[in-house]
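Letter by letter, the chains look like this.
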Amino acid sequence: MRFRTIALIALSLVMAATVAPVHAATKESSALQGALTATDRGATVAVWVVFGEKHAGTGELRAAEAALTDHARARRARNRVAGSLVDAYDVPVSEALIDRVRASGVHVRQVSRWLNAVSVDATPAQVRALAALPGVAALDVVRAGRSPEPVEPVEAAQRTPAPPRNATQAMLLDYGSSLFQNQLIDVPAMHALGYDGSGVIIAVLDTGFNNPTHPAFANLDVMITHDFVNGDSVVADEPGQMGSGFHGTLVLGVIAGYAPGELIGPAYGATYILAKTENTSWERHIEEDAWVAAAEWADGLGADIIQSSLVYQGGFTNGETGYVWQDMDGATAFITIGADIAGSRGILVINAAGNSGFVSEPANTLGAPADGDMVLTVGATDAGGTRGSFSSVGNAADGRTKPDVMAMGVNVYTVSATDPWYNTNSGTSLAAPLVSGAAALVLQARPLASNVMIMNALRNTATNAGAPNRLIGWGVIDALAARNYIASGVGDEPALPATSLVAYPNPFNPATTIEYTLATAGRVTLSAYDAAGRRVATLVDEAQTAGVHRVRWNAAAGTDGRSLPSGVYLLKLTTGDSTTSRKVVLLK
């Protein structure tokens, strides 16, 4: 496993108080009231302390924007209105308020800019004292959750694949036993076009990550790691610490493994941020505050995609407070609020639906944040595209269709968490990383596409797009069709048949030859855009005849006459009603 180190950016984001309904007579929510009643006087409860409206003046906003990494800035530029890269969510929580909470004697667990809150461990008496503090708007319980644990593998005889997509296209890679899961969502066709997730940053939030020396991780590009459960940088199991690296290892193998002849993950060329957020020491419980903290951290580091196979539901027997199906409305669960804020930063959040199976309407079996408006929720199928019986169903409590899409989650091939071998596991937690990997390929192919555009492309080109429902949503995704749905990453219109477009050399410095073939004569425009969507060069803008055309692009100077920096650029070719694009890389 290959690690790159970078400077950490201070992180913390905020939100004006959006919380569960509070008790009529106090700042405490009804859920917190119940938890306090069930807690012994000297025992502690994990509590959200939410502050009131936060000051976000010009100076604070400038500082927040200055703290963005180049990659985070480019991601926000393609997702947000010009001039609004940052807002109040990006301004840190008041240190005076945090100090006031600490002075009450409680242990501060996490600080959240997005929620404008801190989570603490507090006794019932301390909770009452916190409610009386100036600046505290509300208090609620930190919910417990669990990962959708892998279910028992299905018998191999039931693993009958659907007719492969693009079956006539030669395979670029030897997928071994991972062929089924990739072929079902048309990943081999994207790999054959040269896409592997390069240039895309994916944050994986999970239980932890063991077995880093597994052969399938030999070339894995890891930017940075952090354990939000134990507060260090090691995301594998350590003696005496809480949490397990079993589940996260399986997920990472599915999305990023690379061992030709055995296992190929869709986004094996992407860059990864690994965050251990689940404490598995208490019946596989996890607290949502660690997830939100990790998502904020990933945002500050420029993550394009958050891959999460964790869900927060009820059903615990030791008194911990979870959520009920009526809470899956996109606006109640703190983790869902955090996930939706991540989406508003331009991050594509992809989450497993859960493994709680079917239930009759109006109930659902989703787990937060799968109910989020800005979350692409993934259910599980077998290799033939039929829904796995364990896959959680919607709809969201407010009537929105969930899950969104499906991928193979029955007998998914991945790495072993304990040795250099491989095995199969089942669950929506294995389907979600396949969708995240496919999304990374689409983003690599359409680097100016927003997270909403990619979500819509994956939905609208899936197998059930004409009649989405609570069992399978829009259906099984198709990575190649989703890529073609987005014309160029600049607009959001469905792509029409594209004219061929290549560039060589690629990468280049400082010039490359661009070649394209026109089937018919017509008006042609060829332009280059940087990663923020700005046009940096107009190379062709004229009527041309049918046939092969070539143009030389010297990137030593952009439209303003200055030398262009190293980076990824998008060539966009438009002729008549047809648009196509090609990514090129300038390396100086």
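Residues numbered from 1 in each chain as written. Predicted model: local features only at pLDDT ≥ 70, side-chain atom pairs only at ≥ 80, totals over all residues. Heavy atoms only, no water.

Visitor: Just give me the short version of the overall build of the protein, but keep the residues and values in it.
Guide: Scanning the protein for helices and strands turns up 13 helices and 25 strands. The proportion of buried residues among the 588 residues of the protein is 58%. Of the contacts formed within the protein by residues at least 6 apart in sequence, a portion of 75% connects residues at least 24 apart. Just so you have it, the protein exposes about 21500 Å², and 54% of that area is on carbon and sulfur atoms. (Helix = DSSP H or I, 4+ residues; strand = E, 2+ residues; numbered from the N terminus. Buried < 20%, exposed > 50% of the residue type's maximum accessible area, 1.4 Å probe, protein only. Contact = heavy atoms within 4.5 Å. Areas by Shrake-Rupley, 256 points an atom, 1.4 Å probe, with all protein chains shown as cover.)

Visitor: Talk me through the nonpolar core; I want residue IDs and the actual numbers.
Guide: Grouped together as the largest cluster of nonpolar side chains are 69 residues, with contacts concentrated most on Ile202, Leu252, Tyr272 and Ile454. Looking at this core element by element, the count peaks at 12 residues for helix α11 (residues 428-445). Counting 45 residues, the second largest nonpolar core, distinct from the first, contains Ile201, Ala203, Ala290 and Ala295. (Core = buried A, V, L, I, M, F, W, Y, C linked by side-chain atoms within 4.5 Å.)

Visitor: So what's going on with the pattern of salt bridges? Residues and values would help.
Guide: A complete count under the given rule lists 21 salt bridges for this structure. The partner of Arg109 in a salt bridge is Glu287, and the shortest N-O contact between them spans 3.9 Å. With Arg109 in strand β3 (residues 107-112) and Glu287 in strand β12 (residues 286-287), this residue pair connects regions lying 178 residues apart in the sequence. Here Glu287 falls in the buried class, since its relative accessible area comes to 13%. Residue Asp373 pairs with Arg400 through a salt bridge whose shortest N-O separation is 3.2 Å. Placement of Asp373 in the loop between β14 (348-352) and β15 (375-381) and of Arg400 in the loop between β15 and β16 (405-408) is noted, with a sequence separation of 27 residues between them. Through salt bridges that share partners, Arg75, Arg76, Asp87, Asp90, Asp299 and Arg345 make up one connected network. (Salt bridge = Lys/Arg side-chain N within 4 Å of Asp/Glu carboxyl O.)

Visitor: Got a sec to walk through empty space enclosed by the protein? Specific residues and values, please.
Guide: Counted under the stated rule, the structure contains two cavities of 30 Å³ or more. Empty space within the second largest cavity amounts to approximately 50 Å³. Along its surface, the second largest cavity is lined by Arg78, Asp304, Ile305, Gly346, Leu348, Ala439, Leu443, Ala449, Ser450, Asn451 and Ile454. For the lining of the second largest cavity, the per-class residue count stands at six nonpolar, three polar and two charged. (1 Å grid on protein atoms, 1.4 Å probe; cavity = no way out; pocket = protein on both sides within 12 Å on 5 of 7 lines; lining within 4 Å. Points joined across faces, edges and corners; volume = space filled by probe spheres on them. Nonpolar A, V, L, I, M, F, W, Y, C, P; charged D, E, K, R; others polar.)

Visitor: Give me the sheet that holds strand β4 (residues 117-122): which residues, what numbers.
Guide: Taken in spatial order, the four strands make up an open sheet running β3-β4-β2-β5, and their pairing is antiparallel. Edge positions in the open sheet fall to β3 and β5 (136-141), since each of these has one partner strand only. Strand-to-strand twist in this sheet, taken as the mean axis angle between neighbours without regard to direction, amounts to 25°. Where helix α4 (residues 95-102) meets the sheet, it contacts β2 (45-51), β3 and β4, and its direction lies at approximately 150° from that of β2. Its contacts with the sheet put helix α9 (residues 288-300) on β2, β3, β4 and β5, and the angle it makes with β3 is roughly 40°. (Pairing = 2+ DSSP bridges. Axes fitted to C-alpha atoms, helices over the stretch in contact; angles between N-to-C directions.)

Visitor: Quick one: what's the story with α4, residue by residue and with numbers?
Guide: Along α4, the residues classified as buried are Leu97, Ile98 and Val101. When α4 is viewed along its axis, its buried side chains cluster within an angular range of 100° and face the same direction. Structurally, α4 contributes buried residues whose contacts are with β2, β3, β4 and α5 (124-131). If you check the start of α4, you find a side-chain oxygen 3.3 Å away from the backbone N of Ala96, and it comes from Ser94. (Arc of directions from axis to C-beta. Polar contact = N/O pair within 3.5 Å; in protein donor to acceptor, adjacent residues only side chain to side chain.)

Visitor: Give me the lowdown on the packing of helix α8 (residues 246-256) against α11, citing residues and values where you can.
Guide: For any two helices packed against each other, the geometry comes down to the angle between their axes and how far apart the axes lie. Where α8 contacts α11, the axes come no closer than 8 Å and their chain directions differ by 35°. Like other packed secondary-structure pairs, α8 and α11 cross with a definite hand, here right-handed. Where α8 abuts α11, its residues His247, Leu250, Val251, Val254 and Ile255 lie against Ser429, Leu430, Pro433, Leu434, Ser436 and Gly437. For the contact of α8 with α11, the residue count by class is seven nonpolar, four polar and no charged. (Left-handed = near helix turned anticlockwise from the far one by under 90°.)

Visitor: For the packing of aromatic side chains, give the residues involved together with the corresponding values.
Guide: Using the criterion set out here, one finds five aromatic pairs in the structure. Note on Phe228 and Trp297: the rings are 5.4 Å apart at their centroids and 70° apart in plane angle, and the pair reads as edge-to-face. Taken together, the positions of Phe228 in the loop between β8 (221-227) and α8 and Trp297 in helix α9 put the pair 69 residues apart, joining distant regions of the chain. As far as the burial class goes, Phe228 and Trp297 line up, both buried. Centre to centre, the rings of Tyr413 and Tyr422 are 5.7 Å apart; their planes meet at 15°, and the pair counts as stacked. Comparing Tyr413 with Tyr422 shows no difference in burial state: the two are buried. Cation over ring: Arg459 sits above Trp474, and NZ or CZ is 5.3 Å from the ring centre. (Phe/Tyr/Trp six-rings, centres within 6.5 Å; stacked < 30°, edge-to-face > 60°. Lys NZ or Arg CZ within 6 Å of the ring centre and 35° of its normal.)

Visitor: Quick rundown of the packing of α9 against helix α10 (residues 334-344)? Include the residues and the values.
Guide: Their axes nearest at 9 Å, the elements α9 and α10 cross at an angle of 10°. Considering the angle they form, α9 stands roughly parallel to α10. Residue-level inspection shows Glu288, Trp291 and Val292 of α9 in contact with α10, the latter providing Phe334, Ile335, Gly338 and Ala339. Residues of the contact of α9 with α10, tallied by class, amount to five nonpolar, one polar and one charged. (Parallel < 35°, antiparallel > 145°, perpendicular 65-115°, else oblique.)

Visitor: Could you give me a rundown of the confidence of the model for the protein, with the residues and numbers involved?
Guide: Here the protein shows a mean pLDDT of 85. Residues at 70 or above account for 83%. Across residues 4-25, where pLDDT falls below 50, the model places 75 contacts with residues more than four positions away in sequence or in other chains. pLDDT under 50 marks residues 489-499. Its contacts with residues more than four places away, or in other chains, come to 30 contacts. (pLDDT = per-residue confidence, 0-100.)

Visitor: Give a detailed account of the side chain of Arg470, specifying residues and quantitative values.
Guide: In this fold, Arg470 is placed in the loop between α12 (451-460) and α13 (479-485). Judged by relative accessible area, which is 10%, Arg470 ranks as buried. Looking at Arg470, its side chain comes within polar contact range of the main-chain oxygen of Ala363, at 2.9 Å. Excluding residues within four positions of it along the chain, Arg470 makes contact with Phe358, Val359, Ser360, Glu361, Ala363, Val393, Gly394, Asn395, Lys402 and Pro403.

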